[in-house]
Amino acid sequence: MPNPYAEAGVDTAAGDLAVELMKSAVAATHNQSVLGGVGGFAGLYDVSFLKDFSRPLLATSTDGVGTKVAIAQAIDKHDTIGQDLVGMVVDDIVVVGAKPLFMTDYIACGRVVPARIADIVAGIARGCSETGTALVGGETAEHPGLLGPDDYDVAGAAVGAVEAGSQLGAHLVQDGDVVVAIASSGLHSNGYSLVRHILSSRGVAYTDSLPELGGLVGEALLEPTRLYTTPLLSLIEQHPGAVHALSHVTGGGIAANLARVLPVGSWVEVDRSTWQPLPVFRVLADMAGTPIEDTEGTWNLGIGMFAVVSAAAASDVIASLGAAGLPSWAVGSISTSVREDLAGFEQGAKGVDGGAVRLVGAYEG
């Protein structure tokens, strides 16, 4: 019998196969708090443990990975984009000091290719496992006519919990606090529209090989986003009261994201000479014919997170992060003294009236 839905371009059998292929990866993220299995209308998560909190606060975040998916599609490599999604979503949860609990995902595509969907979800599941987050549900939607047959986009949302009074933020930041930069793994998932524009304008294909990038362009640009949640939660536990604020360096670049977590009236100058931007950033800036400083509002340039910590604990924090595999270094100190001249400073961002930040000096190398 003819299937009108299939004739319209939607293959429900392919969707069912995709679920079968991803089930084991999703189930591997589940713990004793997850009720039910894969395929329910809603994911269930037992939060009885929150009764032990004096005043539990839920933290939530949602995001996607932007046009980085276009590169994954171009070179037909889909097993890392899921980790990018987890990084963009879950690492926003830890910024307030919350422990992530569970996550859901959404994949919209022009055509369900079961193995491709399974690769994407397997990447999400690996990221969830690394961050201690249960993947409790998701949706794959086929949109023929709206998206091309090989086009897709991914998004996700997560929920975490923190005890009231233990959350991190600008309210804890003090004069003299040290700003610690924590290294990124590369571009992470921001500024890819600029990346794609630069490569297109120079006639560089994702399948081209560039020695300065260590191989194929597309593979270098798909370097997965570093995940910070687990080591940062350990850091907070190991050094009680030392970590005052965290900032995830995503859209908006370096100064703007740091300014969001600083109190109004505070300011800091971030010293460029304390680090050397990763090669991928220099290669792309050189291709664009622009000073690398001009990209500071778009790319992370090698800093994936900032931690604002007490001066007394700064050395110990840097050592602990290094031991956890996260290269870190001090880039500046917070000042709350009145400063009349704030020319060149970023002051708050994304609707937040925060502190003032500017980058000074020249990059190492």
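Our subject is the structure that appears above.
Calculation rules
- Residue positions are given per chain, counted from 1 along the sequence in the order it is written.
- Thresholds applied to this predicted model are a pLDDT of at least 70 for local features of residues and 80 or more for the giving and counting of side-chain atom pairs; totals over whole chains, interfaces and linings are not thresholded and use all residues.
- Excluded from the side-chain calculations are hydrogens and water; all other atoms, namely the structure's heavy atoms, are used.
- Think of it this way: any DSSP run of H or I at least four residues long counts as a helix, any run of E at least two long counts as a strand, and we number them from the N terminus.
- Remark: exposure states derive from per-residue accessible area (1.4 Å probe, protein chains only) relative to the maximum for the residue type, with buried under 20%, exposed over 50%, and partly exposed in between.
- What makes two residues a contact is simply this: any of their non-hydrogen atoms within 4.5 Å.
- Working definition of accessibility: Shrake-Rupley area with a 1.4 Å probe, residue cover restricted to the visible protein chains.
- For this analysis, a salt bridge means a side-chain nitrogen from Lys or Arg found within 4 Å of a carboxyl oxygen belonging to Asp or Glu.
- In these notes, a set of buried Ala, Val, Leu, Ile, Met, Phe, Trp, Tyr and Cys residues joined through side-chain atoms within 4.5 Å is what counts as a nonpolar core.
- Only Phe, Tyr and Trp rings are paired, with Trp represented by its six-membered ring, and only when their centres lie within 6.5 Å; those with planes under 30 degrees apart are stacked, over 60 edge-to-face, the remainder tilted.
- Any two strands with at least two DSSP bridges between them are considered paired.
- Lines are fitted to the C-alpha atoms to define the axes, a helix being fitted only along its stretch in contact, and any angle between axes, read from their N-to-C directions, falls within 0 to 180 degrees.
- With respect to orientation, any angle under 35 degrees is reported as roughly parallel, any angle over 145 as roughly antiparallel, any angle of 65 to 115 as roughly perpendicular, and every other angle as oblique.
- A crossing counts as left-handed when the near helix is turned anticlockwise from the far one by less than a right angle, and as right-handed when that turn is clockwise.

Let's talk about the overall build of the protein chain
Then, in step 1: Looking only at helices and strands, the protein chain has 11 helices and 15 strands in total.
Then, in step 2: Its C-alpha atoms give the protein chain principal-axis dimensions of roughly 75 × 60 × 35 Å.
Then, in step 3: A total of 365 residues make up the protein chain; the buried ones form 48% of that total.
Then, in step 4: Excluding contacts between residues fewer than 6 apart, the proportion of contacts in the protein chain whose partners are at least 24 apart in sequence is 83%.
Then, in step 5: Counting only carbon and sulfur atoms, one obtains 53% of the accessible surface of the protein chain, whose full area is about 15800 Å².

A closer look at helix 10 (residues 279–288)
Then, in step 1: Among all positions of helix 10, only Val280, Phe281, Val283, Leu284, Ala285 and Met287 are buried.
Then, in step 2: Looking at the residues trailing helix 10, positive phi occurs at glycine 289, about 70°.

Considerations on the pattern of salt bridges
Then, in step 1: Scanning all chains against the criterion turns up seven salt bridges.
Then, in step 2: A salt bridge links arginine 111 to aspartate 150; the shortest N-O distance between them is 2.7 Å. Of the two residues, arginine 111 is situated in the loop between strand 4 (99–109) and helix 5 (114–131) and aspartate 150 in the loop between strand 5 (134–142) and strand 6 (152–163); the sequence distance between them amounts to 39 residues.
Then, in step 3: Residue classification places arginine 111 among the partly exposed residues on the basis of a relative accessible area of 39%.
Then, in step 4: Across the pair arginine 272 and glutamate 296 runs a salt bridge whose closest N-O atoms are separated by 2.6 Å. Taken together, the positions of arginine 272 in the loop between strand 11 (267–271) and helix 10 and glutamate 296 in the loop between helix 10 and strand 12 (303–309) put the pair 24 residues apart, joining distant regions of the chain.

Re the nonpolar core
Then, in step 1: Grouped together as the largest cluster of nonpolar side chains are 75 residues, with contacts concentrated most on Met103, Leu221 and Leu258.
Then, in step 2: Residue contacts for leucine 258: discarding those within four places in its chain leaves Val179, Ser247, Val268, Val270, Phe306, Val308 and Val357.
Then, in step 3: Counting residues in hydrophobic clusters, the runner-up holds 20 residues, among them Val180, Ile182, Leu232 and Ala242.

Some words on the packing of aromatic side chains
Then, in step 1: The tally for this structure, following the rule as stated, stands at six aromatic pairs.
Then, in step 2: Relative to phenylalanine 345, the ring of tryptophan 267 lies with its centre 6.3 Å away and its plane at 85°, an arrangement referred to as edge-to-face. Of this pair, tryptophan 267 sits in strand 11 while phenylalanine 345 is found in the loop between strand 13 (328–333) and strand 14 (346–349), placing the two residues 78 residues apart along the sequence. Exposure class is identical for tryptophan 267 and phenylalanine 345. Each is buried.
Then, in step 3: Connected via pairs of aromatic rings, a cluster forms that spans Trp275, Trp329 and Tyr363.

Structural notes on the pairing of strand 6
Then, in step 1: Sheet topology note: the strand 3 (residues 56–64)/strand 6 ladder contains nine bridges and is antiparallel. Residue pairing in the sheet places glycine 64 in a bridge with alanine 155 of strand 6.
Then, in step 2: For strand 4 and strand 6, the ladder comprises 10 bridges, and the chain directions are antiparallel. From the neighbouring strand, lysine 99 faces strand 6, where its bridge partner is alanine 161.

Things to note about the environment of glycine 169
Then, in step 1: Here glycine 169 lies in the loop between strand 6 and strand 7 (178–183).
Then, in step 2: In this structure glycine 169 comes out as buried when scored by relative accessible area, which is 14%.
Then, in step 3: Sequence separation of glycine 169 and alanine 183 is 14 residues, and the distance between their C-alpha atoms is 21 Å.
Then, in step 4: In contact with glycine 169, not counting residues within four places along its chain, are His244, Ala245 and Val261.

A word on the packing of helix 4 (residues 81–93) against helix 5
Then, in step 1: Where helix 4 contacts helix 5, the two axes come as close as 6 Å, and the packing angle between them is 45°. The angle between helix 4 and helix 5 falls in the class oblique. As helix 4 packs across helix 5, the resulting crossing turns out to be right-handed. Across the interface between the two elements, Ile81, Gly82, Gln83, Leu85, Val86 and Val90 from helix 4 touch Ile120, Gly123, Ile124, Gly127, Cys128 and Thr131 from helix 5.

Quick word on unusual backbone geometry
Then, in step 1: Positioned with a positive phi, aspartate 76 is a non-glycine residue whose angle comes to about 55°.
Then, in step 2: By secondary structure assignment, the location of aspartate 76 is in the loop between helix 3 (68–75) and helix 4.
Then, in step 3: Residue aspartate 76 is classed as exposed on the basis of its relative accessible area of 56%.
Then, in step 4: Despite not being glycine, leucine 301 has its phi angle at roughly 55°, a positive value.
Then, in step 5: Its relative accessible area of 0% is what places leucine 301 among the buried residues.

Some points on the sheet that holds strand 13
Across a sheet, paired strands are connected by hydrogen bonds in the backbone, their directions being either parallel or antiparallel.
Then, in step 1: Strand order in the open sheet made by the four strands is 10-12-7-13, with antiparallel pairing throughout. Sheet topology places strand 10 (243–248) and strand 13 at the edges, where each strand pairs with a single neighbour. Strand-to-strand twist of the sheet, defined as the mean angle between neighbouring strand axes without regard to direction, takes the value 25°.
Then, in step 2: Taken together, the six bridges between strand 7 and strand 12 define a ladder with antiparallel strand orientation.

These figures capture arrangement, not role.
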